[in-house]
Structure formats: C-alpha cells, structure tokens
Amino acid sequence: MTVVPSGGRPAVIPRDFPTNRGGLCQKGWTSAELLDTPGRLRSPLVRRPDGELAKASWDEALDYVAARISELRDTRGDDAVAVFGSGALTNEKAYLLGKFARIALRTSQIDYNGRFCMSAAATAGNRAFGLDRGLPFPVTDLDDSDVIILAGANPAETMPPLMSHLTGNRKLIVVDPRRTPTADVALRRGGMHLQPAPGTDLALALGLLHIAWTYGYLDTEERRGYRENRTRGWDETRQALTGWWPERAERLTGVSVADMRQAVHLLHTARSAHVLTGRGAEQHSKGTDTVTAWINLALAFGLPGTPGSGYGCLTGQGNGQGGREHGQKADQLPGYRSITSAEDRRHIASIWGVGERELPGPGRSATELLSALGAENGPRALLVFGANPVISAPRARRVADRLRRLDLLVVADSVLSETAAAADVVLPVAQWAEEAGTMTSLEGRILRRRQAIPPPAGVRTDLEVIQALAVRLGRQAREFPDDPDAVLAELREASAGGRADYSGVTPERLAAEEPLYWPVPQGSAGTPRLFTDRFAHPDGKARFVPVGHRDAAELPDAEYPLFGTTGRILQHYQSGAQTRRVPELSAAAPEAFVEVHPDTARHAGLAEGTLARIRSRRGSVLAKVRFVPALRTDTVFLPFHFPGDGAANALTNPALDPLSGMPEFKVCAVRLETL
C-alpha cells in the first residue's frame, strides 16, 4: 500500500499486488490514523522517584538506561539483562537487535513474540522438510487448487485480502471449533466446516489419514512413487496410525465419521490440493505434533513440492516470516542459522568481528523468559521492542507482576501500550510509514518498505536507538549502523550460505520490485517454489514423523466445565495497543466480549448483552455475553485484544510445547459466572 497526503493528513491507498489484488482490510485502510494519534509518543519518558513518568531528553534517557544496564551486568552478570523483540520489526531491526543482545549486551536472554505465533509450525516444518518458510510457494498458486484444507485459521477476519485466493471454484474445508466467518464462506460455497473440540485437531488429522490409508486412497501409482522417492518414515507413521480408526477420532473430536470421510474423499479426488495451518493448530502444548499430523496428511497425498499443490503455514504478524529468520530467537543466529552449530557460530562471529567463544549460547524461550524476570536467577532488566506482553503473553497478569519485579524495564514503542505504561523508561520510535526497511511476506518474498513521511520531531527509529545504546555500552557506532541499507548489506553477508540466504537481495533489486523469494544466493533470481526437486534435508527427502494425540494440559472438569479458547477479530490486531486508538475500529469493537452458545449461557444464568465473569485457575476476566448458536455448547471464545478486566490472556495456560516453546493459548478450562 501507498501513503499519500489527503487534506493535510496521510491516507492509505492500496496497491494492486499479487497477494492482495488491490484489497485492504479495515485495519489497513485506517492505519494512517495511527501516525498522528493523540496518544503518540514524541519524547522519552523516565519514571521519577514519585512513580510518575516524566519527559526527558534523549541523552538523559539513554544515559540512564546504559548506566543501569552496566551496573546490573557488573553485579549480576551479562544474563541479568534480557531483550524481547517482535515479529512486527523489519528484517534490519530484527537482525540488529539480535546482534545488539549478543555482542553489546553479551546476553543469551533474547526471544520475541513470534514464539507465540509461528514457532510450532516452524519446528514442524524444519523437522519435516529441513527448512521453514511459511508458504513454500507464491500465494497465487492457491488460485489453481481444487481443494484447500484450512486448519485453525480465520483469514476472513485476520487476513481478508487472502480470501480471494481461497474462494472461487475450489472447495474450502475449514477446521475450527468455531463457525467463523471463514467457515461461513466455505459452507456458502459448497465446502465444509469440521468443528472439533478445542485441543483435538491432532486426533482429527490422524483420523483423516487413517481413512485415506484404509480406503486405499494412498495406493495410486503416483502417490506411492512420491512416498518412495521423495520421503522417509511412511512405514513407521502408518504403523502408528493403526489405533486411530475414525470412530475413535469421532469420540474425541466430535466430528462425525461421515464428515471425515467426505473431507478425505474431496482430497482424494482433487486434481491439486493444499493443506494450510494457522494459529488454531499451533498454539497448543502439542502444537508441533499437531502441525506435523497435518504435514503427514499432505505428504501421504504427495502434495508438498508438487506443482499446483502443497503444504503451508499462514504467518500471523507483519513480518512474521522475516522476524523469525535473523537472530532474535533464543536459539537462532541470522540466516536461520543455529546458535548451537559450531560452523554457524564461526560464520557469524567472523561477520561481527568477535571470537566464536564470545557469542552466548541459547537462552530461554519467550514464555520461560517472561516467567523468569525478576527471579533470583533470572534477568533483572528487560528491553522490549515492538511488543506488548502484558496483554499478549499467556497468564498475562503474572507477566505484569514479573515486570514489576525488575530493576529496569525499557520499552521502545510509538504509543503508551500497557507494557510501556509499566516501564521505567519509554523510548518513542518511528512507525511503519516513517522509516525504510525490508519485510518478508508469508510466501517468503522480500519486500521494500519505503519511508513515506518523516517521523515527528523528537522521535527516533529503532535502529538509531539500538546504535545509541550500543555506543554507550562500549561498542563502535559502525558496528551498529542506523541506516537500513547499511544493515541490509551486513545482513546479506551474515545470511550468505544459511537456510534463509538473503545475500542476493540488494536495494536496487528491491527498488525494481523484482520478485525475490528466499533463498536468494548471490546472483540468484530467488526461489519462488521450494522443494520442487528436493527437500532441504541432506538426502533431499521429506520426513514423515509418527505422532500421537495427547490431551491438552488442562481439560474441563466439574469445577471448570467449559473449554476456553482465544483468537482475533476483524477490527483489532494483536494486543490492540494501536488499533484500539483508531476511532472507526474502536467504535466497531469497543470492549471485551465472550461468545457463548445460548443454551450454555442460560444454564449459567446469563442473558445476551449482560456482563459475565469468565474464570480459570489462573484468573478471571469480565466480558459482555454474545449468543452464538453455531458455537459448540462446551466452548466459549474470547478475543485477546483488550486490556484490564477484559484481558483474555489472564485466563490462558502457559503450558509449553516441549519442542517449540509454544504456549497453550487455545485451550484452558473455564467457567461462567454471573455478577
């Protein structure tokens, strides 16, 4: 999209681009209002002895932060300081933030909010294919698909422009405990809605694969040849399927055997097909295995790497793909390199001009990091860039309590988010239209974001903030350039030869709008479609991985008899810190609500439009009751965009997927109470 002046104020004009075809969602066309919102931060804030935040100069604020960091490192060690990043940061910011943490702060304690979004799919994708790129094919490939299985995603609300690629003459099979607007679209167009109980997506995928196997759908010459020549592990996976007959899957999930058979038959008879997963499949304490089960289904039918078909993950943040590639994850170095690989460490150390032993090892993942803040052996200071964990993290009120225990909390943001309001120092930074950089789309295409307008007086870019702090901590300014093109030049070197190779991405090629899909080695035209010849494992073969269903970490019982699940709505984004400041969006969705089946609500003594208390073992929230007859009677749904008494993540379970560190946002046991 393009930002242009309109009556003295910026306005957003959509571009006709392959992914959005000239369309924008409500959040997109109102986004310019954030640039001069009344709550915009234009001066650093430092907390005074009386507890109030007061304006300060940049030198005062940065000197204070650097002095406190140095003091904490001297007394408690380098890991006393932690960094929390974001999938909303540009590639350049994500790269420089990771470098800043590891050689300016010398801390291992860095992770980011993308751990809450795509980590399970990333882990599953790396395990199955040897490489993780959200969509390993251009979005436009979906246009020619006959059947698309959409497991745990609601793009009609969260990514409306994508819907033009999911409709048309194809059959859409939506897997979701709720009858979402996306499910409605599928049903209106002759597709299907499979409505499993929360936390049972894995069992459903196993039941579907069992049907495909036992009905002989996988025995075509083409599919057998694909599995024999392009995969490993099918025999072990097939053996693990023996206990997952569809009637058992029906008892666990609530999805009828007839619907499962119909869905598999549609997949079997499709000329081309795709399986796509989203947060609903991933945000579980078994999220990696759940995504793996859907990948196994796709591999069994020979979809990944086959022209016109495939598996993909729908990313959740503005730079959800690029943000997880260049080093702001606890276990990662730039170029999707591993921080535990001696070869990868040597390469990055040589680019950064430090000894390999000077690089710290892996730190805590996001939920573990937030839980350790202020603890005896945990970080005593936290620097936050582009995130609002007081709203977005699981067990959010406990996170707020951990932040209060810190000796220093520094937040770089454009508005006073709930996390910024709790900070000791707030640093006002530029917004998306006020700075340049690159982003990587869900299909792995690197895009140039041009600066449209200058930032307000008193506001700096994140790159300028990182450089200024690094210099105050004893590094050279040239090591932390504040020019995005200079950072990109270094990122190209750092990523060269890595799985996410950006070495061939130059400002000139981006300005010419070349379609650069990573990997883009030097001199390469890029890779729009991965896996067409081989997968990224050394032998070139994809991996089936046997998985089995296990219950969510917490199930309903007599005390908490309902499934509580969370998600997004059309008008708001993530923690709502920005979208709740846009009048049009706030008017359309002004307050927290809970979706409840009418029978469930009446059983709890609640009428539509009344205020209910929703309680879990971790806390309670207040929300207005909305009757939704299509909802399961054992399930309630809350959007997580609202603060205070309506903060849905006060309820959620911080139980983690042991492989990816993904928290269990999608399932917790709750009860409804009247006031």
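Heads up: the structure comes first, above all this text.
Okay, so let's go over this structure. (Residues numbered from 1 in each chain as written. Predicted model: local features only at pLDDT ≥ 70, side-chain atom pairs only at ≥ 80, totals over all residues. Heavy atoms only, no water.)

1. Quick look at the pairing of strand S28 (residues 668-674)
A regular strand carries its side chains on alternate faces of the sheet.
Here is step 1: In terms of burial, S28 is a largely internal element, five of the seven residues being buried.
Here is step 2: Pairing analysis gives three bridges linking strand S21 (residues 562-567) to S28, with the strands arranged antiparallel. Bridged to Leu-562 within S28 is Val-670. (Buried < 20%, exposed > 50% of the residue type's maximum accessible area, 1.4 Å probe, protein only. Helix = DSSP H or I, 4+ residues; strand = E, 2+ residues; numbered from the N terminus. Pairing = 2+ DSSP bridges.)

2. Considering the sheet that holds strand S11 (residues 273-277)
Here is step 1: Spatial strand order, S9-S8-S7-S11-S12: five strands in an open sheet with parallel pairing. Strands at the two margins of the open sheet, each flanked by one partner only, are strand S9 (192-194) and strand S12 (310-313). Between one strand and the next, the sheet's axes are offset by a mean angle of 15 degrees, whatever the strand orientation.
Here is step 2: In the packing of helix H6 (residues 181-188) onto the sheet, the strands contacted are strand S7 (147-151), strand S8 (171-175) and S9, and the crossing angle to S8 comes to about 145 degrees.
Here is step 3: In this fold helix H13 (residues 287-300) packs onto S7, S8, S11 and S12, with an angle of close to 175 degrees to the strand it touches most, S11. (Axes fitted to C-alpha atoms, helices over the stretch in contact; angles between N-to-C directions. Contact = heavy atoms within 4.5 Å.)

3. Some thoughts on the packing of helix H10 (residues 246-253) against helix H11 (residues 257-269)
Any two packed helices are characterised by how steeply their axes cross, that is the angle between the axes, and by the distance between the axes.
Here is step 1: Closest axis-to-axis distance for the H10/H11 pair is 9 Å, and the angle between their directions is 115 degrees. Remark: the crossing between H10 and H11 carries right-handed chirality. Listed contacts from H11 to Pro-246, Glu-247, Ala-249 and Glu-250 of H10 are Val-257, Met-260 and Arg-261. (Left-handed = near helix turned anticlockwise from the far one by under 90°.)

4. What about unusual backbone geometry?
Here is step 1: Residues Trp-518 and Pro-519 are joined by a peptide bond in cis, for which omega reads 0 degrees.
Here is step 2: By the secondary structure assignment, Pro-519 is in the loop between helix H21 (507-511) and strand S20 (542-543).
Here is step 3: One non-glycine residue with positive phi stands out, namely Arg-106, at about 60 degrees.
Here is step 4: Tracing the backbone through its elements, the reader meets Arg-106 in the loop between helix H3 (91-104) and strand S6 (110-112).
Here is step 5: A positive phi angle, near 50 degrees, is found at Arg-395, a position not held by glycine.
Here is step 6: Here Arg-395 falls in the partly exposed class, since its relative accessible area comes to 32%.

5. As for helix H2 (residues 58-76)
Here is step 1: Here H2 spans 27 Å end to end across 19 residues, near enough to the 27 Å set by a 1.5 Å rise per residue.
Here is step 2: Restricting attention to buried positions, one finds in H2 the residues Trp-58, Ala-61, Leu-62, Val-65, Ala-66, Arg-68, Ile-69, Leu-72 and Arg-73. In a view along the axis of H2, the buried residues occupy a sector of 165 degrees, so they form one face of it. Those residues of H2 that are exposed and aimed more than 90 degrees away from the buried face are Asp-74 and Thr-75. (Expected span 1.5 Å × (residues − 1). Arc of directions from axis to C-beta.)

6. Points about the side chain of Arg-230
Here is step 1: Relative to the assigned elements, Arg-230 resides in helix H8 (residues 221-230).
Here is step 2: Excluding anything up to four places from it in sequence, Arg-230 contacts Gly-225, Pro-304, Gly-305, Phe-531, Thr-532, Asp-533, Arg-534, Phe-535, Lys-541 and Ala-542.

7. Description of the nonpolar core
Here is step 1: Counting residues in hydrophobic clusters, the biggest one holds 119 residues, and the most contacted among them are Phe-100, Phe-129, Trp-294, Phe-301, Tyr-311 and Leu-427.
Here is step 2: Here the element with the most residues in this core is helix H7 (residues 201-214); it accounts for nine residues.
Here is step 3: Membership of the second largest hydrophobic core comes to 25 residues, among which are Leu-41, Phe-84, Leu-369 and Val-384. (Core = buried A, V, L, I, M, F, W, Y, C linked by side-chain atoms within 4.5 Å.)

8. Quick look at the side chain of Gln-283
Here is step 1: Checked against the element boundaries, Gln-283 lands in the loop between helix H12 (279-282) and H13.
Here is step 2: The buried category is assigned to Gln-283, whose relative accessible area is 8%.
Here is step 3: Once residues within four sequence positions are removed from consideration, Gln-283 is found in contact with Phe-116, Cys-117, Met-662, Pro-663, Glu-664, Phe-665 and Lys-666.

9. Brief notes about the packing of aromatic side chains
Here is step 1: Per the stated rule, a full pass over the model turns up ten aromatic pairs.
Here is step 2: Between Tyr-95 and Trp-352, the aromatic rings sit 6.3 Å apart at their centres with planes inclined by 65 degrees, giving edge-to-face as the arrangement. Linking Tyr-95 in helix H3 with Trp-352 in helix H14 (residues 342-352), this pair joins segments that are 257 residues apart in sequence. Like Tyr-95, the residue Trp-352 is buried in the burial classification.
Here is step 3: Through pairs of rings, three or more aromatic residues link up here, namely Phe-129, Tyr-311, Phe-531 and Phe-535. (Phe/Tyr/Trp six-rings, centres within 6.5 Å; stacked < 30°, edge-to-face > 60°.)

10. Overview of the pairing of strand S17 (residues 425-428)
Here is step 1: Covered by surrounding structure in S17 are Val-425 and Leu-427 together with Val-426 and Pro-428, the residues of both alternating faces.
Here is step 2: Relative to S17, strand S3 (residues 45-47) is paired through two bridges, and the arrangement is antiparallel. Note that in S17 the partner of Leu-45 across the bridge is Val-426.
Here is step 3: Bridge count between strand S16 (residues 408-413) and S17: four bridges; the pairing is parallel. From the neighbouring strand, Ala-412 faces S17, where its bridge partner is Leu-427.

Everything listed here is a matter of coordinates, which is why it stays silent on function.
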